[in-house]
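# Observations on chain architecture
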Amino acid sequence: MSTVSPEPPGRLTAAGVGQPGFIARHGLFTDRQASAAELVTARIEELGLRTVRFVVVDQHGMPRSKSLSADAARAVLSNGLDFSGAIYSLDTGNQVFVPAFAQGGGFGIEEFTGFPDVVLVPDPTTFQVLPWADRTGWMLCDVYFSTGQPMPLDGRGLMRRVLGELAEAGYDYLAGIEIEYYIVKLDSEHITPENAGFTPPPPEVSVFERGYQYLSEVRLDSVGGTLEAIRDALYDVGLPPRAMEDEWGPGQMEFSFSPIGGLAAADAVVLFRSAVKQVCQRRGLLASFMCRPGLPNFFSSGWHLHQSLTSRQDGRNAFASADAALSGPGLQYVAGLLEHALPMMVFSTPTVNGYKRYRPYSFAPDRVTWALENRGVLVRVQGAPGDSSSHVEMRIGEPAANPYLYMAANIAAGLDGMRREQQPPPAVEADPYAADAPMLPTSLADAVQHLDADDFYRKAFGDTLIDYLLQMKRAELARYEAALAEKPPAEGQEVTDWEMREYFEFF
């Protein structure tokens with residue numbers, strides 16, 4: 001008579017996690033991911049991890065997660081993880097923007113009727129051990145329906161698909177990340193129940209570092225302890241900063257990273273922003289990637305996206321040229337970026353606040369232009385004849401942008417320019433703020449209209465995603481306009497109270 005040995009005392013098995021065999025049944029791991037899953041399972045055991053965070057990046061580019069035990073985490077690597085699909089009904093104020101329990105979730109996707117779960121499938125190649133958290137692992141996930149079909153609102157899945165189209169054309173994507181943000185001191189951790197609702201007032205803060213001495217070594221050293229903690233955390237999760245710089249405003253920082261390829265580039269932005277915010281909050285600080293905080297003497301922050309393509313045939317930079325600053329394919333890529341810049345702005349600048357940045361002589365673009373080594377244009381070309389690192393810099397983005405949507409929008413636009421062999425208009429040679437060129441939208445409402453009238457991104461991304469984003473942004477704008485009607489901003493107030501409540505702590 002055979003017997004089954006019981007589990008050792010104190011050791012519980014994980015049951016009821018996901019759907020047994022979901023990942024293998026639907027063929028959702030590549031060979032590389034399957035191998036990585038085995039290594040992750042071993043690492044969880046070897047390091048004695050108590051918790052693993054399974055992270056999904058929502059429509060706003062914000063990480064949402066469940067923290068599971070080590071046993072449950074191992075099961076998720078086979079079964080996937082049930083996760084509330086209600087997050088896709090939430091706007092930037094974490095309020096449901098669709099009619100509750102409407103057919104199709106309120107945005108026309110039948111699988112979302114009734115606030116069901118979706119299934120998260122971890123990508124074990126993204127596994128990290130978080131150095132600031134006790135015995136805690138971390139993994140990004142992709143999103144599927146219970147049928148095994150990809151969930152069409154998942155930005156990570158969209159970028160993977162766009163990268164696949166780029167690969168079919170013979171190229172791979174390379175991105176250099178350069179993001180500005182603010183660090184401020186939290187003056188009080190006391191939150192009254194009256195201030196804990198939708199959406200709560202922004203926290204009371206004070207200045208973390210003196211401003212107005214751009215790239216000052218002394219200013220940077222004055223906050224060295226915090227920057228060193230951030231630096232070390234980023235090193236430990238495989239994202240060593242190439243540069244940490246003191247920007248213009250008080251407590252305004254700029255971090256940049258060496259080029260990263262493909263989907264990992266957008267993944268890196270998620271991990272970077274999350275790491276910075278978590279390290280800061282453990283030190284009594286707030287890191288905000290809101291574009292233009294409504295605080296006296298604070299200025300706008302941007303996200304400059306450096307990008308090039310490498311040839312899949314020989315691995316060389318496809319934008320480099322022996323006799324020009326940018327190759328023929330590079331110029332075609334620029335032409336695509338310029339042609340699709342206006343509808344792209346909902347992806348690059350998805351908040352009401354981000355449009356406060358586009359103003360003349362601000363070192364941010366205000367119209368659709370390009371040039372060689374000019375920081376006032378929309379697309380800046382960096383390179384020279386014979387320079388193997390020639391690339392283009394898209395200067396339109398705000399730090400709060402969803403990295404998957406922002407990068408996918410750039411890749412799709414640039415690839416379209418290459419497919420059609422487009423040529424950009426003449427480069428700006430003098431003042432970009434006086435150039436005769438189409439003006440950028442000055443509000444999120446204008447950008448929404450441009451995207452709604454655009455056919456290109458509907459074909460590239462699909463009607464489902466575009467209609468969803470338009471619906472969500474219109475709901476956000478309606479709340480903004482209602483708040484202004486109820487409480488008009490004071491004379492001379494650039495950033496409204498609504499924007500601070502909506503974005504300052506959230507982003």
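Please refer to the structure placed before this passage.
An account of the accompanying structure is given in this report. (Residues numbered from 1 in each chain as written. Predicted model: local features only at pLDDT ≥ 70, side-chain atom pairs only at ≥ 80, totals over all residues. Heavy atoms only, no water.)

### Things to note about the overall build of the chain
- Helix and strand counts for the chain come out as 14 helices and 16 strands.
- Counting only C-alpha atoms and orienting by the principal axes, one finds that the chain spans roughly 90 × 60 × 50 Å.
- In the chain, which comprises 507 residues, the proportion classed as buried is 56%.
- Sequence separation of 24 or more characterises 72% of the internal contacts of the chain that already satisfy a separation of 6 or more.
- Only carbon and sulfur atoms are counted for the fraction: they give 51% of the accessible area of the chain, which is about 21,800 Å².
- Once the 41 positive and 64 negative side-chain charges of the chain are each reduced to a mean point, those two points are 3 Å apart. (Helix = DSSP H or I, 4+ residues; strand = E, 2+ residues; numbered from the N terminus. Buried < 20%, exposed > 50% of the residue type's maximum accessible area, 1.4 Å probe, protein only. Contact = heavy atoms within 4.5 Å. Areas by Shrake-Rupley, 256 points an atom, 1.4 Å probe, with all protein chains shown as cover. Lys, Arg positive; Asp, Glu negative; His and termini not counted. Charge placed at Lys NZ, Arg CZ, Asp CG, Glu CD.)

### Some remarks on the packing of helix α9 (residues 341–348) against helix α10 (residues 403–419)
- It is the contact of α9 with α10, at a shortest axis distance of 8 Å, that shows an interaxial angle of 160 degrees. In terms of orientation, α9 lies roughly antiparallel with respect to α10. For α9 against α10, the interelement crossing comes out right-handed. In this structure, α9 uses Met 344, Phe 347 and Ser 348 to contact α10, whose residues at the interface are Leu 405, Tyr 406, Ala 409, Asn 410 and Ala 413.
- Tallied by class, the residues present in the contact of α9 with α10 amount to six nonpolar, two polar and no charged. (Axes fitted to C-alpha atoms, helices over the stretch in contact; angles between N-to-C directions. Parallel < 35°, antiparallel > 145°, perpendicular 65-115°, else oblique. Left-handed = near helix turned anticlockwise from the far one by under 90°. Nonpolar A, V, L, I, M, F, W, Y, C, P; charged D, E, K, R; others polar.)

### Side note on the environment of Ser 389
- Here Ser 389 is to be found in the loop between β15 (379–382) and β16 (391–397).
- We classify Ser 389 as partly exposed; its relative accessible area is 46%.
- Along the primary structure Ser 389 and Met 439 are separated by 50 residues, whereas in three dimensions their C-alpha atoms are 30 Å apart.
- Among residues more than four places away in sequence, those in contact with Ser 389 are Asn 317 and Gln 382.
- Among the polar contacts listed, one links the side chain of Ser 389 to the side chain of Asp 387, at a separation of 2.8 Å. (Polar contact = N/O pair within 3.5 Å; in protein donor to acceptor, adjacent residues only side chain to side chain.)

### Observations regarding the pairing of strand β6 (residues 136–144)
- For β6, the buried fraction is high: nine of the nine residues fall into the buried class.
- The side-chain alternation of β6 yields two buried faces, one formed by Thr 136, Trp 138, Leu 140, Asp 142 and Tyr 144 and the other by Gly 137, Met 139, Cys 141 and Val 143.
- Relative to β6, strand β1 (residues 51–57) runs parallel, the two sharing five bridges. Directly across from Phe 54, in β6, lies its bridge partner Met 139.
- Sheet topology note: the strand β4 (residues 117–122)/β6 ladder contains four bridges and is antiparallel. In the sheet register, Val 121 faces β6, and the bridge partner there is Asp 142.
- Strand direction decides the pairing type here: strand β5 (residues 128–129) and β6, joined by two bridges, are antiparallel. Each bridged residue has a counterpart across the sheet, and for Val 129 the counterpart in β6 is Gly 137.
- Hairpin remark: β5 followed by β6, antiparallel, with six residues in the connecting loop; positive phi at Arg 135, about 45 degrees. (Pairing = 2+ DSSP bridges.)

### As for the packing of aromatic side chains
- If you walk through the whole model with that rule in mind, you get 25 aromatic pairs.
- Centre to centre, the rings of Phe 107 and Tyr 468 are 5.1 Å apart; their planes meet at 80 degrees, and the pair counts as edge-to-face. Of this pair, Phe 107 sits in the loop between β3 (81–84) and β4 while Tyr 468 is found in helix α13 (residues 463–486), placing the two residues 361 residues apart along the sequence. Residues Phe 107 and Tyr 468 agree in their burial class; the two are buried.
- Look at Tyr 181 and Phe 255: their rings are 5.6 Å apart centre to centre, the planes differ by 70 degrees, and that puts the pair in the edge-to-face class. Remark: Phe 255 occurs in strand β10 (residues 252–256) and Tyr 181 occurs in strand β7 (residues 171–186); sequence separation between them is 74 residues.
- Accessibility expressed as a relative area gives 0% for Tyr 181, which makes it buried.
- Phe 255 sits in the buried class, given a relative accessible area of 0%.
- Connected via pairs of aromatic rings, a cluster forms that spans Tyr 88, Phe 97, Phe 107, Phe 112, Phe 145 and Tyr 468. (Phe/Tyr/Trp six-rings, centres within 6.5 Å; stacked < 30°, edge-to-face > 60°.)

### Digging into helix α6 (residues 224–236)
- Along its 13 residues, α6 runs 18 Å from first to last C-alpha, staying within 8% of the 18 Å computed at 1.5 Å per residue.
- All of the buried residues along α6 are Gly 224, Thr 226, Leu 227, Ile 230, Ala 233 and Leu 234.
- On the buried face of α6, the contacting elements are β7, α5 (217–222), β9 (243–246), β10, α7 (263–281) and β12 (285–288).
- Among the residues trailing α6, Gly 238 stands out with phi positive, at a value near 80 degrees. (Expected span 1.5 Å × (residues − 1).)

### Overview of the pairing of β16
- With respect to burial, β16 is a largely interior element, seven of its seven residues being buried.
- Of the pairings in the sheet, the one linking strand β13 (residues 303–311) to β16 comprises four bridges and is antiparallel in character. Within β16, the residue paired with Gln 307 across the bridge is Val 392.
- The pairing of β15 with β16 spans four bridges and is antiparallel. Looking at β16, one finds that Val 379 is bridged to Met 394.

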